[in-house]
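This is what each chain is made of:
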Amino acid sequence: MIDGIRSAGEISRVELAGRTGLTEATISTVVRKAIDDGLVIEVGQGVSTGGKRRTILAINSSARHAVGVSLARSRIALVLTDLSGVVIAVSESEGARDTDPLTVTERLAREIATFLEAHDIDPRSVVGVGIASPGPLDCAVGELRGLQPGPLWRGFALEERLENLTGLRVLLDNDATCAALGDYWTTLHDASPPVSATVYMADGIGAGILVEGRVFHGSSSNPGELGHISLDINGPQCHCGAQGCVEVFASPAAVAAAAMRNPDLVASLELSDDPDVDRRTFEAVASAAISGDKIARGLIEASATYLGAGIVTLSNLLDLDEIHLSGPGFAIAGEIYAEIVRDMLRRGTFMRSIHPVAVKLSDLGVNAAAIGAAALVMQHQITPHSAISSRRADVAAG
């Protein structure tokens, strides 16, 4: 119900009943409680249609706040959002690199405290901290289980440690899932596409999947691993253990590696061979591509083509209506990626004779996952009936 008001911007009780399928009596009861809790406010009267003018409802945006964190090897981003999903502030710091996880978590807790204090946020209005990180994850216990943001994080009890350090509720989820939720939570809409996916590219590549506006978590909250669809079973080995994965050919690291193999490009863009600056190398190549450098554009187009092949497979599997391209990987040369992906979907999807698949660039920019992480914890705390999936149900019950 809260999400119905938020997504509409302003709405009457009657319209809300029609949208949710609940009775007007039930809506009145729920709305009254939300008003008493300070989450919803009455903002005036609607236009008369011959009877009594309807009272218009809106979200009380300043009533609650959430912190979102994007935890990656190359950078850590913090965002502060209000109940409507509006970003109030953003902060960026050094990534996890190879630093001990406890040291990074302690730094993160200090940064969160400073962040809230700097923006004069009452801690009582903060519903929690959402953390977006590459998978695989064990969200039931709040632990990272893969090699990202670094091998030292595998098995680290991130949720528990950060909750103890901050005193706030902490929720961990996949960065692509968070980006998908962020796109949805920050958008006003009358209706959600039945099935959409947000392709998120940062250090790796993943896809968050929404079904009628709700996150699809799969059996372990590790769905949408687009980056690990194999395009060539005899191709180069991926860090996941498979061969010829999308990430091997299309990720920012793959583009950076290809650029470093071209002496002319290394010289003209003054590239570094330090593996910890892959992101900056990729950004330099992307910037050169949109500025007309043919070699750089060729590398970006090759990345987009491999990515497009993976997206066509994903679309054929899920019969998608919309695809959003989101994250740092699309911040500079996103239009090149979008153009190529659109063309590949037009030519390659099985359902193309029945309906098109829309491709949109996300408006959330490089902080999409962090914004979505804030939305994640906000949704879990404010609208738990629509947010808690099977992967969290046992935790919520406890």
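(A) Quick peek at the sheet that holds strand β2 (residues 40–45). Across the sheet, which stays open at both edges, the three strands sit in the order β1-β3-β2 with antiparallel pairing between neighbours. Two strands in the sheet have a free side with no partner beyond their single neighbour: β1 (11–12) and β2. Note that β1 and strand β3 (residues 55–59) share two bridges and pair antiparallel. Looking at β3, one finds that Ile 11 is bridged to Leu 57.

(B) Up close: the nonpolar core. Within the largest apolar cluster, 43 residues are counted, with the highest numbers of intra-cluster contacts made by Ile 2, Ile 5, Leu 39, Val 40, Tyr 200, Met 378 and Ile 382. Breaking this core down by element, the ones donating at least two residues are α1 (2–8), α2 (13–20), α3 (24–36), β3, β5 (75–82), β7 (126–133), α6 (175–185) and α13 (368–382). The dominant element in this core, judged by the number of residues it contributes, is α13, at eleven residues. Among the nonpolar cores identified, the runner-up in size contains 41 residues, and Ala 250, Leu 271, Val 285 and Tyr 337 belong to it.

(C) Summary view of the pattern of salt bridges. Taken as a whole and judged by the stated rule, the model has 17 salt bridges. Residue Glu 42 is joined to Arg 13 by a salt bridge in which the shortest nitrogen-to-oxygen separation is 2.8 Å. With Glu 42 in strand β2 and Arg 13 in helix α2, this residue pair connects regions lying 29 residues apart in the sequence. Given a relative accessible area of 43%, Glu 42 falls into the partly exposed group. Glu 163 is paired through a salt bridge with Arg 169; the nearest N and O atoms lie 3.8 Å apart.

(D) Representation of α3 in the model. For α3, which comprises 13 residues, the first-to-last C-alpha distance of 18 Å matches the rise-based estimate of 18 Å (1.5 Å per residue) to within 8%. Regarding α3, the residues found buried are Ile 27, Val 31 and Ala 34. Down the axis of α3, the sector holding all buried residues measures 60°, keeping them to one side. The exposed set on the far side of α3, more than 90 degrees from its buried face, consists of Ala 25, Thr 29, Lys 33 and Asp 36. The positive-phi residue at the C-terminal boundary of α3 is Gly 38, with phi of around 85°.

(E) Region of interest: the pairing of β5. Judged by how many residues are buried, β5 sits mostly within the fold: eight of eight residues are covered. Alternating positions in β5 separate into two faces, Arg 75, Ala 77, Val 79 and Thr 81 on one and Ile 76, Leu 78, Leu 80 and Asp 82 on the other, with burial throughout. In this sheet, β5 lies alongside strand β4 (residues 65–71) in antiparallel orientation, the contact comprising seven bridges. The residue of β5 that forms the bridge with Leu 71 is Ile 76. As consecutive antiparallel partners, β4 and β5 are separated by three residues. The pairing of β5 with strand β6 (residues 87–94) spans seven bridges and is antiparallel. In the strand pairing of β6, Val 79 is matched with Val 90. Between β5 and β6, which pair antiparallel and follow one another directly, the connecting turn spans four residues, one of which, Gly 85, has a positive phi of 90°.

Criteria and cut-off values
Residues numbered from 1 in each chain as written. Predicted model: local features only at pLDDT ≥ 70, side-chain atom pairs only at ≥ 80, totals over all residues. Heavy atoms only, no water. Pairing = 2+ DSSP bridges. Helix = DSSP H or I, 4+ residues; strand = E, 2+ residues; numbered from the N terminus. Core = buried A, V, L, I, M, F, W, Y, C linked by side-chain atoms within 4.5 Å. Buried < 20%, exposed > 50% of the residue type's maximum accessible area, 1.4 Å probe, protein only. Salt bridge = Lys/Arg side-chain N within 4 Å of Asp/Glu carboxyl O. Expected span 1.5 Å × (residues − 1). Arc of directions from axis to C-beta.

Geometric values such as these leave the question of function open.
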